[in-house]
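Spelled out, the chains give:
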Amino acid sequence: MQFDNQVAIITGSGRGIGRSLALEMARAGAKVIINDLDEEVANLVVEEIKKDGGEALAVIGSVAERETAEQLVKKAVQQYGTVNILVNNAAVTRPAMIDKMTDEQWDLVVDVGMKGVFNCIRAVAPIFKERGKQNPDALSNGKIINITSVAGLTGSIGQINYSAAKAGVVGMTMSTAREWGKYRIQSNAVAFGIVETRMTEIIRTEKFEDVYKNKIVLNRFALTDDVVPGIMFLSSPGANYITGHVLNISGGYHIGV
Ligand SMILES: NC(=O)c1ccc[n+]([C@@H]2O[C@H](COP(=O)([O-])OP(=O)(O)OC[C@H]3O[C@@H](n4cnc5c(N)ncnc54)[C@H](O)[C@@H]3O)[C@@H](O)[C@H]2O)c1
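Residues numbered from 1 in each chain as written. Predicted model: local features only at pLDDT ≥ 70, side-chain atom pairs only at ≥ 80, totals over all residues.

Undergrad: Go over the nonpolar core, please, and point to the residues and values.
TA: Counting 70 residues, the largest nonpolar core has Ala8, Ala22, Val32 and Ile34 as the members making the most contacts within it. If you tally residues by element for this core, the top one is helix H4 (residues 103–134), at 9 residues. The residues touching Ile34, leaving out its near neighbours within four places in the chain, are Ile10, Ser13, Gly14, Ala22, Ala42, Val45, Val46, Ala56 and Ala58. (Core = buried A, V, L, I, M, F, W, Y, C linked by C-beta atoms within 7 Å. Buried ≥ 20, exposed ≤ 12 C-beta atoms within 10 Å, placed from the backbone. Helix = DSSP H or I, 4+ residues; strand = E, 2+ residues; numbered from the N terminus. Contact = placed C-beta atoms within 7 Å.)

Undergrad: Account for the site of the ligand, naming residues and giving values.
TA: Residues in close proximity to the ligand total 30 residues, the closest being Gly12, Arg15, Gly16, Ala91 and Thr197. Contributions of two or more residues to the shell around the ligand are made by helix H1 (16–27), strand S2 (31–36), H4 and strand S5 (143–149). With 3 residues, H1 is the single largest residue contributor to the shell around the ligand. When grouped by side-chain class, the residues that make up the shell around the ligand number 14 nonpolar, 12 polar and 4 charged. (Near = placed C-beta within 6 Å. Nonpolar A, V, L, I, M, F, W, Y, C, P; charged D, E, K, R; others polar.)

Undergrad: Could you give an account of the packing of helix H3 (residues 66–80) against H4, naming the residues involved and the relevant values?
TA: Two quantities define a packed helix pair, namely the angle between the helix axes and the distance between the axes. Remark: H3 packs on H4, axes separated minimally by 8 Å, with the N-to-C direction vectors making an angle of 40°. Once H3 is placed against H4, the crossing between them reads as right-handed. Contacts from Arg66, Ala69, Glu70, Leu72 and Val73 in H3 reach Asn119, Cys120, Ala123, Val124 and Ile127 in H4. For the contact of H3 with H4, the class distribution of residues is 7 nonpolar, 1 polar and 2 charged. (Axes fitted to C-alpha atoms, helices over the stretch in contact; angles between N-to-C directions. Left-handed = near helix turned anticlockwise from the far one by under 90°.)

Undergrad: Account for the packing of H1 against helix H2 (residues 39–51), with residues named and values stated.
TA: Across the interface, H1 lies against H2 with an axial gap of 10 Å and an inter-helix angle of 25°. Taken together, the axes of H1 and H2 are roughly parallel relative to one another. Considering the relative orientation of H1 and H2, their crossing is right-handed. Together, Arg19, Ala22, Leu23 and Ala26 of H1 and Val45, Glu48 and Ile49 of H2 make up the contact between the two elements. Here the residues of the contact of H1 with H2 sort into 5 nonpolar, no polar and 2 charged. (Parallel < 35°, antiparallel > 145°, perpendicular 65-115°, else oblique.)

Right, dumping it as structure tokens:
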């Protein structure tokens, strides 16, 4: 897959899946906007991409803030002229059982994982819709890939906040697909099961590892390399006729053993 002349915004790309995706997209020719709360890791990813001969810039801030989302688009346009691909990847977890969950845990997870996605979709609207109006016959005038989770499809014990945010992401994916289909903008989601990143360190312990692996049809956790190609495919011209789809990349976690 080649992404020459494509400009991609990837939120939460200082670490984990977002970072791996950013490196791969840049290797494939995309100019990448790296976003993270954490300035140090975001700058490291930019450095790594540049060392590899690619192009990238960092925009630091929380996607839960409308201004950050607008900055992402503004910087992309200033530096690279446009935005073609938006990958809404940033999210956090704050697990607790329902009766123990605090307002702060609920608000943070929903603000970042759900409102953050809305903020970024709204921020690309002027660019994507205008391109759609100018090029009504083009096969694609913009691609949105929202990262969701099996937790958003089936629920997850101790994660009512995260499940709600991730189910909301699926709803936003479908609403965007319907609202912007006439502009030839594709909106899809990718649902992961358990990927080996910082986010899942808490369950990848000796005590829990086998319990979770035994719920996965393929009986192993994903590496970031297992999940990145699916996101790239949905970002590519090969997906020009796919919209409103949730692609499970979960080793069968979504169907259960
Ligand atoms: N790891 C998994 O097993 C798994 C499973 C299902 C879905 N997902 C989803 O995949 C995506 C990436 O997760 P990951 O495992 O790479 O997580 P991660 O924690 O390794 O990386 C997430 C990055 O997002 C950044 N971030 C956090 N809050 C932010 C904010 N408000 N604004 C901008 N950046 C912010 C973090 O600093 C971090 O660098 C998330 O949407 C997550 O919900 C992950």
